[in-house]
Amino acid sequence: MTRTQITLVQIDNYGPWTVTPEPRREVDLQTLQSRLYADLCQQIGREGGYVFFARFDNMIAVTNGLDWADHELIQESIANRYPVSVSMGIGTGTTPQEALAEATGVLQTAGSAQDGTRTEILGGDVLDEDERAAKGVQVAHFDVIDVTGTYTDRVDAFETFIAIEQGYAALMRYMYGQHDSLSFFVGGDNVIAVCPDLPASAYEDAIVHVSGEVGVDLQVGVGRGASAHDAGMAAKHALEECRHNGTRVERALPADD
Ligand SMILES: Nc1nc2c(ncn2[C@@H]2O[C@H](COP(=O)(O)OP(=O)(O)OP(=O)(O)O)[C@@H](O)[C@H]2O)c(=O)[nH]1
């Protein structure tokens, strides 16, 4: 059974900071946001976690391999090196949706994202040792079939961008609404969904739905592991199987599944 640990990372009091004492240069904000994201990717990734940029001021991480001390260290390191600090809410659940709702509740209960006195919150529950060792993360790596031949080499780059974003929007809504899964665009034509235990038919239905709604054709590899990294690598290999076999859905799940 999946048991996902999700960490919501929120930049403290960021809205007011972006306009104090006057609006800050947009390129500087973009640089700060992308550096902070890259930094978190590296720090969370070192422990096998994944972090997604989401809205950049709110980033969502799958942190099954990270304990309380790991979170504390990351938070301290960010505050020491950036002009902003971050708060972190941690939640766990049998679905990613449930875990994120819990993580969000931790920060919302502590106060507003735009409260200058609510800074560096660290709260919530982490998985216990047994749960951390279990293969509790399911990752589905979706990509567009032949994006290069259908879009990149044929149509205007902005038309391609719109098509990919529409596919992403249709997929993220479907996977969240139907399957309590959290899907994130990760670049190119790729979307990574963090999912609970789902049968192959759920992924097939999602692909049919997106194709019917916005005409974007997807394939998906699904993996399972003790960390997002392990599950994600298995998913990438399964996606290669799709390419090799010409199939839409391939799953690489542990033998005891
Ligand atoms: N983040 C991320 N991006 C990737 C990955 N693989 C490919 N990409 C991006 O996706 C783009 C398209 O690559 P592909 O999906 O291999 O190309 P394709 O034409 O759709 O080919 P098929 O997927 O084999 O149908 C690349 O230019 C990269 O930007 C990946 O594993 N992760």
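Definitions and limits used
- Residues numbered from 1 in each chain as written.
- Predicted model: local features only at pLDDT ≥ 70, side-chain atom pairs only at ≥ 80, totals over all residues.
- Heavy atoms only, no water.
- Axes fitted to C-alpha atoms, helices over the stretch in contact; angles between N-to-C directions.
- Helix = DSSP H or I, 4+ residues; strand = E, 2+ residues; numbered from the N terminus.
- Parallel < 35°, antiparallel > 145°, perpendicular 65-115°, else oblique.
- Left-handed = near helix turned anticlockwise from the far one by under 90°.
- Contact = heavy atoms within 4.5 Å.
- Nonpolar A, V, L, I, M, F, W, Y, C, P; charged D, E, K, R; others polar.
- Pairing = 2+ DSSP bridges.
- Buried < 20%, exposed > 50% of the residue type's maximum accessible area, 1.4 Å probe, protein only.
- Domains from an automatic or database assignment.
- Buried area = accessible area lost by both parts, 1.4 Å probe.
- Polar contact = N/O pair within 3.5 Å; in protein donor to acceptor, adjacent residues only side chain to side chain.
- Near = heavy atom within 4 Å.
- Areas by Shrake-Rupley, 256 points an atom, 1.4 Å probe, with all protein chains shown as cover.

*Asks:* What should I look at first to understand the packing of helix α2 (residues 26–45) against helix α3 (residues 68–81) in this one?
*Replies:* A pair of packed helices can be characterised by two numbers: the angle between their axes and the separation between those axes. Put simply, α2 and α3 touch, their axes get as near as 11 Å, and they point 150 degrees apart. When the axes of α2 and α3 are compared, the pair comes out roughly antiparallel. Where α2 crosses over α3, the two elements pack in a sense that is right-handed. Residues Leu36, Asp39, Leu40, Gln43 and Ile44 of α2 lie in contact with α3, whose contacting residues are Ile74, Ser77, Ile78 and Arg81. A per-class count over the contact of α2 with α3 returns five nonpolar, two polar and two charged.

*Asks:* Mind showing me how you'd approach the sheet that holds strand β10 (residues 249–252) here?
*Replies:* Neighbouring strands of a sheet are bound in pairs by backbone hydrogen bonds; such pairs are parallel or else antiparallel. Across the sheet, five strands lie side by side as β7-β8-β6-β9-β10; this open sheet has mixed pairing. Two strands close off the open sheet at either side, each with one partner strand: β7 (182–187) and β10. Strand after strand, the sheet turns through a mean of 20 degrees between neighbouring axes, direction not considered. Note that strand β6 (residues 137–144) and strand β9 (residues 218–225) share eight bridges and pair antiparallel. Bridge pairing in β9 places alanine 140 opposite valine 222. Contacting β6, β7, β8 (190–195) and β9, helix α7 (residues 157–179) crosses the sheet at an angle of about 160 degrees to β7. Against the sheet, helix α9 (residues 228–245) makes contact with β6, β9 and β10, and its axis sits at roughly 145 degrees relative to β9, the strand it touches most.

*Asks:* Help me understand the pairing of β6, please; the structure alone is not making it clear to me.
*Replies:* Of all eight residues in β6, eight are buried, a share of seventy percent or more. Alternating positions in β6 separate into two faces, Val137, Val139, His141 and Asp143 on one and Gln138, Ala140, Phe142 and Val144 on the other, with burial throughout. Direction of pairing for β6 relative to β8: antiparallel, over a ladder of six bridges. Considered in β8, the bridge of alanine 140 is made with alanine 193.

*Asks:* Would you mind going over the domain arrangement of the chain with me for this structure?
*Replies:* In many analyses, interface size is given as the accessible surface area lost on bringing the parts together. Here the domain parsing of the chain yields domain 1 (4–133) and domain 2 (137–252). On the domain 2 side, the residues contacting the 17 residues of domain 1 number 17 residues. Across the domain 1 to domain 2 interface the summed buried area is about 1400 Å²; carbon plus sulfur atoms make up 76%. Looking only at domain 1, the three residues that lose the most surface to domain 2 are Tyr50, Phe52 and Gln97, adding up to 39% of its buried area. Seen at the junction of domain 1 and domain 2, the total is three residue pairs in polar contact (both at pLDDT 80 or more). At the level of elements, β1 (4–11), β2 (50–52), β3 (58–62), α4 (96–110) and α5 (129–133) are the ones that each hand at least two residues to the side of domain 1 that touches domain 2. Element by element, the count of residues in the side of domain 1 that touches domain 2 is highest for α4, at three residues.

*Asks:* Looking at this model, I keep getting lost on the site of the ligand. Mind explaining?
*Replies:* Asp143, Asp146, Val147, Thr148 and Lys236 are the nearest of the 15 residues found near the ligand. Note that an oxygen atom of the ligand is positioned 3.3 Å from one of the side-chain N or O atoms of glutamine 219. One nitrogen or oxygen atom from the side chain of arginine 243 is found 2.8 Å from an oxygen atom belonging to the ligand. Across the complex, the protein chains shield 57% of the 640 Å² of accessible surface that the ligand would expose by itself. Among the secondary structure elements, those contributing two or more residues to the shell around the ligand are β6, α6 (147–152), β7 and α9. Considering each element in turn, the shell around the ligand owes the most residues, three residues, to β6.

*Asks:* What's the story with the sheet that holds β2 in this structure? I'm lost.
*Replies:* Taken in spatial order, the five strands line up as β2-β3-β1-β4-β5 in an open sheet, and their pairing is mixed. On the outer flanks of this sheet lie β2 and β5 (122–124), each paired with one strand and no other. Between one strand and the next, the sheet's axes are offset by a mean angle of 20 degrees, whatever the strand orientation. In this sheet, β5 lies alongside strand β4 (residues 86–93) in parallel orientation, the contact comprising three bridges. Within β5, the residue paired with isoleucine 90 across the bridge is glycine 124. Relative to the sheet, α4 contacts β1, β3, β4 and β5, its axis offset from that of β4 by approximately 140 degrees.

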